[in-house]
Amino acid sequence: MTDAAPQVLAEQLTEAGLEVDEVVEILPLPEGVVVGEIIAVNAHPKADRLNICQVRLGASQTAQIVCGCPTVAAGLK
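Residues numbered from 1 in each chain as written. Predicted model: local features only at pLDDT ≥ 70, side-chain atom pairs only at ≥ 80, totals over all residues. Heavy atoms only, no water.

## Overview of the pairing of strand E2 (residues 51–56)
Okay, so step 1: Bridge analysis of strand E1 (residues 37–43) against E2 gives six bridges, and the strand direction is antiparallel. By the bridge assignment for E2, Ile38 is matched with Val55.
Okay, so step 2: Pairing geometry for E2 and strand E3 (residues 62–67), over six bridges, is antiparallel. Pairing of Cys53 across the sheet is with Ile65, part of E3.
Okay, so step 3: A loop of five residues connects E2 with E3, the two strands running antiparallel in sequence. (Pairing = 2+ DSSP bridges. Helix = DSSP H or I, 4+ residues; strand = E, 2+ residues; numbered from the N terminus.)

## Comments concerning the sheet that holds E2
Okay, so step 1: Strand order in the open sheet formed by three strands is E1-E2-E3, with antiparallel pairing between adjacent strands. Of all the strands in the sheet, the pair left with one neighbour each is E1 and E3. For this sheet the average axis-to-axis angle between neighbouring strands, irrespective of direction, equals 25°. (Axes fitted to C-alpha atoms, helices over the stretch in contact; angles between N-to-C directions.)

## Quick notes on a nonpolar patch on the surface
Okay, so step 1: Residues Leu9, Leu13, Leu18, Val20 and Val23 make up a contiguous nonpolar surface patch of roughly 350 Å² in combined accessible area.
Okay, so step 2: Take Leu13: it is sitting in helix H1 (residues 6–15). (Patch = residues over 30% accessible without salt bridge, like charges linked within 9 Å, V, L, I, M, F, W, Y side chains within 5 Å. Areas by Shrake-Rupley, 256 points an atom, 1.4 Å probe, with all protein chains shown as cover. Salt bridge = Lys/Arg side-chain N within 4 Å of Asp/Glu carboxyl O.)

## Side note on the side chain of Asn51
Okay, so step 1: Looking at the secondary structure, you find Asn51 in strand E2.
Okay, so step 2: The buried category is assigned to Asn51, whose relative accessible area is 17%.
Okay, so step 3: Not counting residues within four places of it along the chain, the set of residues in contact with Asn51 comprises Val41, Asn42, Ala43, His44, Ile65, Val66, Cys67, Cys69 and Val72. (Buried < 20%, exposed > 50% of the residue type's maximum accessible area, 1.4 Å probe, protein only. Contact = heavy atoms within 4.5 Å.)

## Let's talk about the state of the cysteines
As used here, a disulfide is simply a covalent bond connecting the sulfur atoms of two cysteines.
Okay, so step 1: Summed over the entire model, instances satisfying the criterion amount to zero disulfides.
Okay, so step 2: Take Cys67: it sits in no disulfide, and the sulfur closest to it among the cysteines is that of Cys53, at 4.7 Å.
Okay, so step 3: For Cys67, a relative accessible area of 19% translates into the label buried.
Okay, so step 4: Take Cys69: it sits in no disulfide, and the sulfur closest to it among the cysteines is that of Cys67, at 5.1 Å.
Okay, so step 5: Since its relative accessible area comes to 33%, Cys69 is described here as partly exposed. (Disulfide = S-S within 2.5 Å.)

Here's what the structure looks like:
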């Protein structure tokens, strides 16, 4: 992890012999958007292609979300 500015990091990588094609600034998430982390996945009891996911939404908040993605797994965000 580094606190270096993106342009400084790009210059350091270039000096180390790596080619940096482009530096893209990623803006912060819009207000109200939350990134959750899946902490558990269980098969849905009444549907073959659905999973019930326990998702951590913050330090003390979790939610139960039904998901149809076949590659869902604990640890994904």
